[in-house]
Amino acid sequence: MALITCENLAVGYDSKVIAKNINFSVNKGDYVCVIGENGTGKSTLIKTILGIKKQLSGSISFGDGLSKGDIGYLPQQTDAQKDFPAAVKEVVISAFCGKKGVFAFYSKKEKAAAKINMEKMGIGHLANKKYSTLSGGQQQRVLLARALCAADKILMLDEPVTGLDPKAADDMYETIKKLNNEGITIIMISHDTEKSLNFASHVLYIGKNTFFGSTEDYVKIKENKMV
């Protein structure tokens, strides 16, 4: 059964529809790249699936025991977040706060998971560094480690390489692909179509003509100027 299935979905703000007739399903191990022009509803779609925004019509269903709370989410960073005055390890382990209510006491298991994910992202040596002092690429790795603490099945990433220099962006793409190869399902919004399609198994194009299918099929129809 698919992890996520969207049928005839319409998303937007309040009662204003930004994107509609969205149909796609995501299976375990998929790497879905969500693309389209600015303002077509890509980020709104992700937030709707996560339950941050209310769907306007259609349906969203989850399978294989997945719930909204099991999805790791890496949103676009704001300037204020980049200056967050906390240590790296505090940012990463804070992923568990949402499951604890007002009592933020971390278990040995959670501390171990945070350490493992920091090492996986190559930032273990930065655990005690201030998040605000890190480079853009390092900060994204911290946030990715945090997202991994929140989920071990699926990650949703909103423009994860925005603002990074070319080397850091390439490193981030390689890191995300490595996670996918290890069995984590990826749904990633990207404006860098050329590079992101080198890694994706599927494409969701949101625009006047919405498309969902394999990356290979998307490339073919794009060549024929059908999207």
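Each remark here, short or long, concerns the structure printed above.
Residues numbered from 1 in each chain as written. Predicted model: local features only at pLDDT ≥ 70, side-chain atom pairs only at ≥ 80, totals over all residues. Heavy atoms only, no water.

Student: Looking at this structure, how should I read the environment of Ala86?
Tutor: You can see Ala86 is positioned in the loop between helix 2 (79-82) and helix 3 (88-93). Look at Ala86 and you get buried, because its relative accessible area is 8%. A C-alpha to C-alpha distance of 5.8 Å links Ala86 and Tyr131, two positions 45 residues apart in sequence. (Helix = DSSP H or I, 4+ residues; strand = E, 2+ residues; numbered from the N terminus. Buried < 20%, exposed > 50% of the residue type's maximum accessible area, 1.4 Å probe, protein only.)

Student: What am I meant to see in the packing of helix 4 (residues 108-120) against helix 5 (residues 136-150) here?
Tutor: Describing two packed helices takes the angle between their axes plus the distance from one axis to the other. Running from N to C, helix 4 and helix 5 point in directions that differ by 135°, and their axes come no closer than 9 Å. Taken together, the axes of helix 4 and helix 5 lie oblique to each other. In the crossing of helix 4 with helix 5, the sense of the turn from one axis to the other is right-handed. Facing helix 4, whose interface residues are Ala113, Ala114, Asn117, Met118 and Lys120, helix 5 presents Ala145, Leu148 and Cys149. (Axes fitted to C-alpha atoms, helices over the stretch in contact; angles between N-to-C directions. Parallel < 35°, antiparallel > 145°, perpendicular 65-115°, else oblique. Left-handed = near helix turned anticlockwise from the far one by under 90°. Contact = heavy atoms within 4.5 Å.)

Student: What's the story with the sheet that holds strand 5 (residues 71-74) in this structure? I'm lost.
Tutor: To summarise the sheet geometry, strands pair through backbone hydrogen bonds and adopt either a parallel or an antiparallel arrangement. Pairing in this open sheet of six strands is mixed, and the strands run 5-6-7-3-8-9 from one edge to the other. Whereas interior strands pair on both sides, the edge strands pair on one side only; in this sheet they are strand 5 and strand 9 (211-214). On average, each strand axis in the sheet is tilted by 15° relative to the strand beside it, whichever way the strands run. Pairing between strand 5 and strand 6 (residues 154-158): four bridges, direction parallel. By the bridge assignment, Tyr73 is partnered in strand 6 with Met156. In this fold helix 5 packs onto strand 5 and strand 6, with an angle of close to 165° to the strand it touches most, strand 5. Each of strand 3 (31-35), strand 6 and strand 7 (185-189) touches helix 6 (residues 166-181); the most contacted strand, strand 7, lies at about 150° to it. (Pairing = 2+ DSSP bridges.)

Geometric descriptors of this kind do not, in isolation, establish any biological role.
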